[in-house]
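Descriptive structure summary
The lines below spell out each chain.
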Number of protein chains: 4
Amino acid sequence: MNKIHEECGVFGVYAKEKTTVASTTYYGLFALQHRGQESCGIVVNDDGVFQYHKDGGLVNDIFTPEIMAKLGEGNMAVGHVRYGTTGASDRLNAQPIVVNHIKGKMALAHNGNLVNSYELRQELEMEGSIFHTTSDTEVISYIITKERLKAPSIEEAVNQAMNRIKGAYSLVVMSSSKMIAARDPHGFHPLCYGVTKEGTYIVASETCALDAVSAKFIRDVEPGEIIVFDGDEIRTIRDHIGEEKKHLCIFEHIYFSRPDSIVDGVSVHHARATAGACLAMEHPVHADVVIGVPDSGLDAAIGYARQSGIPYGIGFIKNKYIGRTFIAPGQKVREDKVRIKLNVVSETIKGKRVVMVDDSIVRGTTSARIVKLLREAGAAEVHVRSSAPPFLFPCYYGTDVDSQENLIAVNHTMDEIKEIISADSIGYLSLDHLGMLMGVPKGEGYCSACFDGNYPTEVPSETCKNRFECKLSERRNKK
Amino acid sequence: MNKIHEECGVFGVYAKEKTTVASTTYYGLFALQHRGQESCGIVVNDDGVFQYHKDGGLVNDIFTPEIMAKLGEGNMAVGHVRYGTTGASDRLNAQPIVVNHIKGKMALAHNGNLVNSYELRQELEMEGSIFHTTSDTEVISYIITKERLKAPSIEEAVNQAMNRIKGAYSLVVMSSSKMIAARDPHGFHPLCYGVTKEGTYIVASETCALDAVSAKFIRDVEPGEIIVFDGDEIRTIRDHIGEEKKHLCIFEHIYFSRPDSIVDGVSVHHARATAGACLAMEHPVHADVVIGVPDSGLDAAIGYARQSGIPYGIGFIKNKYIGRTFIAPGQKVREDKVRIKLNVVSETIKGKRVVMVDDSIVRGTTSARIVKLLREAGAAEVHVRSSAPPFLFPCYYGTDVDSQENLIAVNHTMDEIKEIISADSIGYLSLDHLGMLMGVPKGEGYCSACFDGNYPTEVPSETCKNRFECKLSERRNKK
Amino acid sequence: MNKIHEECGVFGVYAKEKTTVASTTYYGLFALQHRGQESCGIVVNDDGVFQYHKDGGLVNDIFTPEIMAKLGEGNMAVGHVRYGTTGASDRLNAQPIVVNHIKGKMALAHNGNLVNSYELRQELEMEGSIFHTTSDTEVISYIITKERLKAPSIEEAVNQAMNRIKGAYSLVVMSSSKMIAARDPHGFHPLCYGVTKEGTYIVASETCALDAVSAKFIRDVEPGEIIVFDGDEIRTIRDHIGEEKKHLCIFEHIYFSRPDSIVDGVSVHHARATAGACLAMEHPVHADVVIGVPDSGLDAAIGYARQSGIPYGIGFIKNKYIGRTFIAPGQKVREDKVRIKLNVVSETIKGKRVVMVDDSIVRGTTSARIVKLLREAGAAEVHVRSSAPPFLFPCYYGTDVDSQENLIAVNHTMDEIKEIISADSIGYLSLDHLGMLMGVPKGEGYCSACFDGNYPTEVPSETCKNRFECKLSERRNKK
Amino acid sequence: MNKIHEECGVFGVYAKEKTTVASTTYYGLFALQHRGQESCGIVVNDDGVFQYHKDGGLVNDIFTPEIMAKLGEGNMAVGHVRYGTTGASDRLNAQPIVVNHIKGKMALAHNGNLVNSYELRQELEMEGSIFHTTSDTEVISYIITKERLKAPSIEEAVNQAMNRIKGAYSLVVMSSSKMIAARDPHGFHPLCYGVTKEGTYIVASETCALDAVSAKFIRDVEPGEIIVFDGDEIRTIRDHIGEEKKHLCIFEHIYFSRPDSIVDGVSVHHARATAGACLAMEHPVHADVVIGVPDSGLDAAIGYARQSGIPYGIGFIKNKYIGRTFIAPGQKVREDKVRIKLNVVSETIKGKRVVMVDDSIVRGTTSARIVKLLREAGAAEVHVRSSAPPFLFPCYYGTDVDSQENLIAVNHTMDEIKEIISADSIGYLSLDHLGMLMGVPKGEGYCSACFDGNYPTEVPSETCKNRFECKLSERRNKK
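Since the model is a prediction, treat every value here as computed from it, not as a measurement. (Residues numbered from 1 in each chain as written. Chains lettered and ligands numbered in written order. Predicted model: local features only at pLDDT ≥ 70, side-chain atom pairs only at ≥ 80, totals over all residues. Heavy atoms only, no water.)

**Some thoughts on the overall build of chain A**
Across its full length, chain A holds 18 helices and 23 strands. Among the 479 residues that make up chain A, the fraction classed as buried is 64%. Pairs at least 24 apart in sequence give 69% of the contacts found in chain A among residues at least 6 apart. Put simply, chain A shows about 16000 Å² of open surface, and 50% of that area lies on carbon and sulfur atoms. (Helix = DSSP H or I, 4+ residues; strand = E, 2+ residues; numbered from the N terminus. Buried < 20%, exposed > 50% of the residue type's maximum accessible area, 1.4 Å probe, protein only. Contact = heavy atoms within 4.5 Å. Areas by Shrake-Rupley, 256 points an atom, 1.4 Å probe, with all protein chains shown as cover.)

Okay, structure coming up:
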């Protein structure tokens, strides 16, 4: 864990007639690839017949022309990209989940994490339910299915299910004839929708995916809202709106979302540049150049440069041919991985006092390595600035800050961290200024629990705190 | 459908300690490959931790050294080969099925077909169960899970489940710590077990798989029997034994099983040679040579030759580099497929009166094509003999004789068939002699429903008679 | 080296107009796959434009629909299957070789082995030629090219080249507008041609490939003959005919060629059955059943059975899903390989005195293993018969009997061999009867040098006797 | 052709002892991937034994762990990345070329293009040489081989060969025991070497590849210089130094090389920033923000911003998951390709007067598309600046500016171009300032023939001017 990972990106297409919904989804997922690189999937609905494919890997690699041809055309489609925690289960846990139940078929794509999935699963298992995956998405599909037995419609089943599932979820649900977008009452993760000039509706985790398919942004799905695409109609169910205060994950703006996306009305690029400007105010320094660590440190670096008046420079070239890079057995893996992917532009660095802006510092090992590269390239001084506050608490809402033991800020003072990464100075964005990224008062409308421990929901009570899979494995070990 | 297909082969390994159970399973499945070529899977149990891989394709192709390395070692394993009806669902419906339920994990491999799976599924769905596949194996896994809620052990859950599931099933069930083999009370499909000299127990569909892993055959699992491998103990549950009369699928001896297997005490090679001998007695002819259509007509041809005194010859060479053969768009596909795979040994045929023995005649198109090859090679006469009686009725127990409309014998008289395939004479094994293959009186101990319509169970009642998937698709279409 | 390997199979198509020559070649190569499984290639000539693909692997695996689509249509094509000695060079040495020279393009497919390739290559290298492969086919392409500089036509260049290249070669040469078939003056390896009913000419190593593409056999290419397909004309150049006495490799009949092929007028099946009959006369024994080791021992077994009157039986089932089988690290590889691929039909063997006919005995290890299988299955006696005489001498003409040290018959007496393979008796076909396979007097018309050391050509003079690659590697090591 | 392509990158490793030279080469090629994405290859020399692999595709995709394991260790290695013109020949023309000749083995990696390759090839063919590829690298290998017949050493053969081959070449040659780096007397393309702290020498097209393997830069190979790595010795042959005036391709600095490389003493990032500054001076404009088109327009944009005082902004986000992107049949391909790969950061653009800096304008279609994206995002004005002068002449030295018909500047006036791409103003870097990029007087030390037609060598004389393959295809068509 050098970087904090998001769990997922979701995408849905609702067309008026049979068309190339698979390739639209492909482009949407391609634009959302940064939200999950481990597996991906597309389900095409051709008038009630579901064709789908999902597998471990990148969208570009998995969806070959042959696979796309097999998916064919349809009037609806749902897609998903996922960050998975274990290699072995890439394919198994790939989404969307497709299930058959008494009232028909359903495909489900989910971004987020429930806090009561363990309890729900136990309850379901007590009733004899079986589970094929370790993902909480399967739990959600069960809950919806159970509600569907009593509810007059799939949307009402989703509405009822929202009384039972707790935590973070941005969902796209597809039945034989409808598409439904739903966002949890806290609005932990983004979800928006738009429309193309052909009148096709698009639901996506981020606006950059709307752009990628030339769809015009309509609006964000509100926290607690259910939007139903059905025939020519778009309905909204507002029963859960206002149930909770809004708590958009602030790390969406700091790191997860793409800078060209606009999340809940705020440009991600702007939020990051603002973070950089705040950093310049909080942690000024005399220096010759401000550089960002690609890719997500660049926006904040520009903010820092503008605010401080220190020139912005290109400090690193990132190798753009990313992907699985071969590591020779026995190599000092981490060291090489950094060097292979990042190289210093010595022209920018040599003999200079450098401000290096990164989006966050997790373990500190990567930062230490990058600082070393700068020093080797002749930097006179290196001042490290993090546009996120220190990580101190686990996240229960869909990102993988799950263990405190590797978090450098939990175990070390600022001075120690400075020492560990060999920086001349170090500065983190303060909690007090976090709200500025979204233009809101401190603590209003966002979740910053990973930084301050203020969880907007009850948190799972058991010892191996938070992780669902961890719970399952605990149970197994007891036997 | 030129050939009747079996649905599956199952295999299980129960070792006393951690060892190479994955490769043992690999070799077992490789030996059972003839029972299903569309998909395969292996689940390894390393002290309660399940690793598995399943995909569409042949054992040799799917289980690469990399995959085998990932599966690692364990103390138990279950494997499966499957014949699937549609390409799209190869991977989806691949077995073994692995499920998580309230009492732990379970892997399930199944050969056969339930006759009440539709009713069971509907019932389960009414309780809110969701289904990820269209296979009845998932239904079985639910039933066992539901019973497990009440039962004190997994074996008792299987025992109870057998009260509810009707039809043909040879099962291998693996829990965290036990392996269970179960065979339906009719004993439709074979199942046996043996032991290696290291004391590792092996369960397999056929004895040829025991041979492949150097295991000594112990005995066949009895119809209705449940065998539990648990610690150092092997227990047997006999509650369902004798519940029904035995009805081993006679087509196992005629075609499905490998000639080197011994099924329920009868050598398959011997059964086929006996069929050939019966044919020689029922349908004698003056001829110069007896040839078999490779591979499964060869044994019967030897029986015919020995009984008749007409010399046995090698009439065809079958290309041994089988696999998916490229067919140029626009070719006369079937014609070419036969010619590419079979070639006549003209030395054996030219100017000769030939008796050609095949295992069965389904549509007649392949037979017609083969007779044509013989005539082109200069055969003076061609007398066709089928070591199976005419197919007249659909099978509900796990083979794919599911539609009468393509069965040549349903729609044509013997004379017409002779004409269609251009034979000089034609002869089928009679129903009266079927029992001789197994050394039993007529109608005792075997199922010959596909030939005579005498179904040993109630059969599915609805219109689109028999096929589960067909039922599901009907339901969908009604909506 | 458990089996002796052939080096190659060649195939050519000459159509009057643009058509599916690629798929015709595909089927031809598929039928010739037994002559070489390591690599394959197809070159399509569409009015002077060459498209080609070659790679390591089986025809079915290499030539996917995508590759076939890329090859497109044409009016000519040449194909090749190859047995290669080292894995690494599979792709490199794959044929046909395609070269550009001053007078245009040329594709070349070669079956055989030159005895003076080292000298020719040295000569060429002294003139500055560079070599991309280690195959003597590249040497031939150079020689033809050099001659082409002086010759008025490609066929005359081939004719002149035949003055310089010595040894075994069956060639198919394709220029922009012509196809040429050429066979060395000894006629070491087979080559024939035929025509389809559309008037397309086919050149192939064996008649079974003509059958596979529904071509009518016209005749064998004579030793020393060059046949030119040019426009509507078929010309023959007879300058080298009669230059040498015919020396068809007798092992073509014993093992290499498919039993359904007719090589130089003699049915391969018939030759093998004759070998079996000779064995029965030379090495009679009291026994209960005669079985053959699949696949190439079956024909001789039938011959033995008929001659001796001992019943023929099916003793083994060979797993038909061949291909690269996974071998777990640390396994007793060879033992397992035999067991995985062959299983005994115990019904045939148990308690019986068995005559087991195999095509040859090379190292003896496989034979020993097979005998052991028979004994485990309860054979009372096992009498081994080899339808080839003992291998005693290296082959310089295109098969890989290249090292005497592993040949069991070089190092052991008959009694010792009997002991090593645990047979009750052993018998090889005698040299005196070899001619009977082809219906010719002893020593007339065939090469049996690997059995008797009578080489029809000068043999390479240097120490590391025979193998070209060996020579090259020697040279390298001297440096 | 939306972008001008470089043909190749070369890399060599010379270690004192057997080590992981393959993975070193892998990392070097990975860093040079921008110089060629169509194919790649690595040849490992383990004490005279060459193992190699080359294929069409990216380094990351081609060199799997399995392939790397096969390559093994060695004391030397040569690698190559290539931009190829046709898909079909990716694999065929992949480099390094490995040849066997009279004095041993040779591997050859080449970046550049000869101007007399056609004449040399014709001459060689007249002597009977055959060619397996259409690349001029094979011509070079012949010339060196022929010289080697007379020369006492491989380095002297290279030295003599340099009298005959004309044009652009940066070569790495590997024999059994030596590695040789050679650069043509004009020094068209870069070549440098360095050393690791273990004493392993590295030769590479660019310094970024030295950085990637932690090698310290020693110096650039001089135009005309031959450097010989032999035992513990590094010798230099200076016979061809000074033979010609230096003519480094100026487009290396503008576009080809990576900004973190230092080519012939000049930082590529610095050269580009200088180009941007010159543009700001030559083509000033009132604007609100300066943005660069990723990736290679960014450096020049920073130069423009600094010189002009207009703030630098991040205008685009480039999707970093590049690779072959699926394009649905029937789509407006080019439009979508731009939109899928680039998205506007509307925050930066909306309502702003924008200066958009790109590295060059080739056809104009991509520029037009990007301008359109900016306008859709609300740009008030778009001023396009190209940091390269207009392309007007074909290149004969290894880049693919080979046809004038698609070059927008050949066929249109500045005003027309402005109109075509819908810019508010347009400005190209002038020829007069090109020298400033390298800090040299106008026309001194660089080749700018593609901009001004001043070719430093004779150019190929025939009609279908320049391209070797084109010549070959002409010849074929004449027949």
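**Section: the environment of Val99(C)**
You can see Val99(C) is positioned in strand S5 (residues 97-101). Classification of Val99(C) by relative accessible area gives buried; the value is 1%. Sequence separation between Val99(C) and Ser175(C) is 76 residues; the distance between their C-alpha atoms is 9.9 Å. Those residues within four positions of Val99(C) in sequence are excluded, and the remaining contacts are Gly104(C), Lys105(C), Met106(C), Ser141(C), Ile130(D), Phe131(D) and His132(D).

**Structural notes on the interface of chain D and chain C**
Each partner contributes residues to the interface: chain D has 38 residues there, and chain C has 38 residues. A per-residue breakdown of the area chain D buries against chain C is headed by Ile102(D), Ile130(D) and His132(D), which together make up 22% of the total. Connecting chain D to chain C are 0 salt bridges. Seen at the junction of chain D and chain C, the total is 6 residue pairs in polar contact (both at pLDDT 80 or more). Partitioning the side of chain D that touches chain C into residue classes produces 13 nonpolar, 13 polar and 12 charged. (Buried area = accessible area lost by both parts, 1.4 Å probe. Salt bridge = Lys/Arg side-chain N within 4 Å of Asp/Glu carboxyl O. Polar contact = N/O pair within 3.5 Å; in protein donor to acceptor, adjacent residues only side chain to side chain. Nonpolar A, V, L, I, M, F, W, Y, C, P; charged D, E, K, R; others polar.)

**Quick notes on the sheet that holds strand S11 (residues 216-220) of chain D**
Residue and element names in this part refer to chain D. Taken in spatial order, the 7 strands of this open sheet run S3-S2-S4-S1-S10-S9-S11, and their pairing is antiparallel. Strand pairing shows two members of the sheet lacking a second neighbour, strand S3 (49-56) and S11, which therefore form its edges. Within this sheet the neighbouring strands show an average axis-to-axis angle of 15 degrees, counted without direction. Across 4 bridges, strand S1 (residues 8-19) lies against strand S10 (residues 201-204) in antiparallel orientation. By the bridge assignment for S10, Tyr-14 is matched with Tyr-201. (Pairing = 2+ DSSP bridges. Axes fitted to C-alpha atoms, helices over the stretch in contact; angles between N-to-C directions.)

**Considerations on the packing of helix H4 (residues 117-126) of chain D against helix H5 (residues 136-150) of chain D**
All names here are of chain D. Put simply, H4 and H5 touch, their axes get as near as 10 Å, and they point 55 degrees apart. Judged by the inter-axis angle, H4 sits oblique to H5. Between H4 and H5 lies a crossing of left-handed hand. Contacts between H4 and H5 involve Ser-117, Leu-120, Arg-121 and Leu-124 from the former and Asp-136, Val-139, Tyr-142, Ile-143 and Lys-146 from the latter. (Parallel < 35°, antiparallel > 145°, perpendicular 65-115°, else oblique. Left-handed = near helix turned anticlockwise from the far one by under 90°.)

**Examining the relation of the copies chain A and chain D**
Here chain A sits on chain D after a turn of 180 degrees about the axis and a move of 0.0 Å along it, with an RMSD of 0.1 Å. Taken together, these values place the two copies in the relation of a two-fold axis. Proximity to the rotation axis, assessed at the C-alpha, singles out Lys320(A) in chain A; its C-alpha lies 3.4 Å from the axis. Both copies share a contact surface, since 100% of the interface residues of chain A are interface residues in chain D too. (Least-squares fit on C-alpha atoms with pLDDT ≥ 70 in both.)

**Looking at the interface of chain A and chain D**
Each side of the interface is counted separately: chain A has 54 residues, and chain D has 54 residues. Carbon and sulfur atoms make up 60% of the area that chain A and chain D hide from each other, which totals about 4600 Å². For the pair chain A and chain D, the number of links is 2 salt bridges. As a salt-bridge pair, Lys320(D) and Asp295(A) come within 3.5 Å of each other at their nearest N and O atoms. For the pair chain A and chain D, the interface holds 16 residue pairs in polar contact (both at pLDDT 80 or more). A class-by-class count of the residues in the side of chain A that touches chain D yields 26 nonpolar, 17 polar and 11 charged.

**A short note on the UniProt feature "binding site: [4Fe-4S] cluster" (unreviewed entry) in chain A**
All names here are of chain A. When the UniProt feature table is mapped onto this chain numbering, "binding site: [4Fe-4S] cluster" (unreviewed entry) sits at Cys-249, Cys-395, Cys-447 and Cys-450. Across 202 residues in sequence, these annotated residues keep their C-alpha atoms within 10.1 Å of one another, forming a single compact spot. On the basis of relative accessible area, Cys-395 is assigned to the buried category, the value being 12%. Along the chain, the position of Cys-450 falls in helix H17 (residues 449-452). (UniProt positions renumbered as here; feature names shortened; annotations may be inferred.)

**Brief notes about the packing of helix H9 (residues 268-282) of chain C against helix H10 (residues 298-308) of chain C**
Residues and elements named next belong to chain C. The geometry of H9 relative to H10 is characterised by a closest axis approach of 6 Å and an angle of 45 degrees between their N-to-C directions. Taken as axis vectors, H9 and H10 run oblique relative to one another. For the pair H9 and H10, the sense of crossing is right-handed. For the pair H9 and H10, contact is made by His-269, Arg-272, Ala-273, Gly-276, Ala-277, Leu-279, Ala-280 and Met-281 and by Asp-299, Ala-300, Gly-303, Tyr-304, Gln-307 and Ser-308, respectively. Residues that form the contact of H9 with H10 fall into these classes: 7 nonpolar, 5 polar and 2 charged.

**Some points on the pattern of salt bridges**
For the structure on display, the rule yields 93 salt bridges over all chains. A salt bridge links Glu127(A) to Lys146(A); the shortest N-O distance between them is 2.7 Å. On the criterion of sequence distance, the pair formed by Glu127(A) in the loop between helix H4 (117-126) and helix H5 (136-150) and Lys146(A) in helix H5 is long-range, its members being 19 residues apart. Given the relative accessible area of 36%, Glu127(A) is considered partly exposed. You can call Lys146(A) buried: its relative accessible area is 13%. Between Glu376(C) and Lys372(C) there is a salt bridge, and its shortest N-O distance comes to 4.0 Å. One end of the pair, Glu376(C), and the other, Lys372(C), are both in helix H13 (residues 365-376), 4 residues apart, so they sit about a helical turn from each other. Connected through shared salt-bridge partners, Glu155(A), Lys178(A), Asp230(A), Glu233(A) and Arg235(A) make up one network.

**Side note on the packing of aromatic side chains**
Here the structure, examined in full by the defined rule, presents 58 aromatic pairs over all chains. Arranged with centres 5.2 Å apart and planes meeting at 75 degrees, the rings of Phe251(B) and Phe391(B) form a pair that is edge-to-face. Of this pair, Phe251(B) sits in helix H8 (residues 250-256) while Phe391(B) sits in the loop between strand S21 (381-386) and helix H14 (408-411); the two residues are 140 residues apart in sequence, bridging distant segments of the chain. Grouping residues by exposure puts Phe251(B) and Phe391(B) together as buried. Linked through ring pairs, Phe251(A), Tyr255(A), Phe256(A), Phe391(A) and Phe451(A) together constitute an aromatic cluster. (Phe/Tyr/Trp six-rings, centres within 6.5 Å; stacked < 30°, edge-to-face > 60°.)

**Details of the relation of the copies chain D and chain C**
Note: a rotation about an axis with an accompanying shift along it relates these two copies of the chain. In screw terms, the move from chain D to chain C is a rotation of 179 degrees and a rise of 0.1 Å along the axis, fitting with an RMSD of 0.1 Å. A share of 100% of the interface residues of chain D reappears at the interface of chain C, consistent with the copies meeting face to face through the same patch.

**Considering the sheet that holds S5(C)**
The pairing of strands in a sheet comes from backbone hydrogen bonds and takes either a parallel or an antiparallel form. Residue and element names in this part refer to chain C. Reading across the sheet, the 6 strands line up as S5-S6-S7-S8-S12-S13 and stay open at both edges, with antiparallel pairing between neighbours. In this open sheet, the two strands that pair with only one neighbour each are S5 and strand S13 (233-237). Direction aside, the axes of adjacent strands within the sheet are offset by 20 degrees on average. Across 5 bridges, strand S7 (residues 167-175) lies against strand S8 (residues 178-183) in antiparallel orientation. Looking at the pairing, Val-173 lines up with Ile-180 of S8. Its contacts with the sheet put helix H6 (residues 154-161) on strand S6 (104-114), S7, S8, strand S12 (226-230) and S13, and the angle it makes with S8 is roughly 15 degrees.

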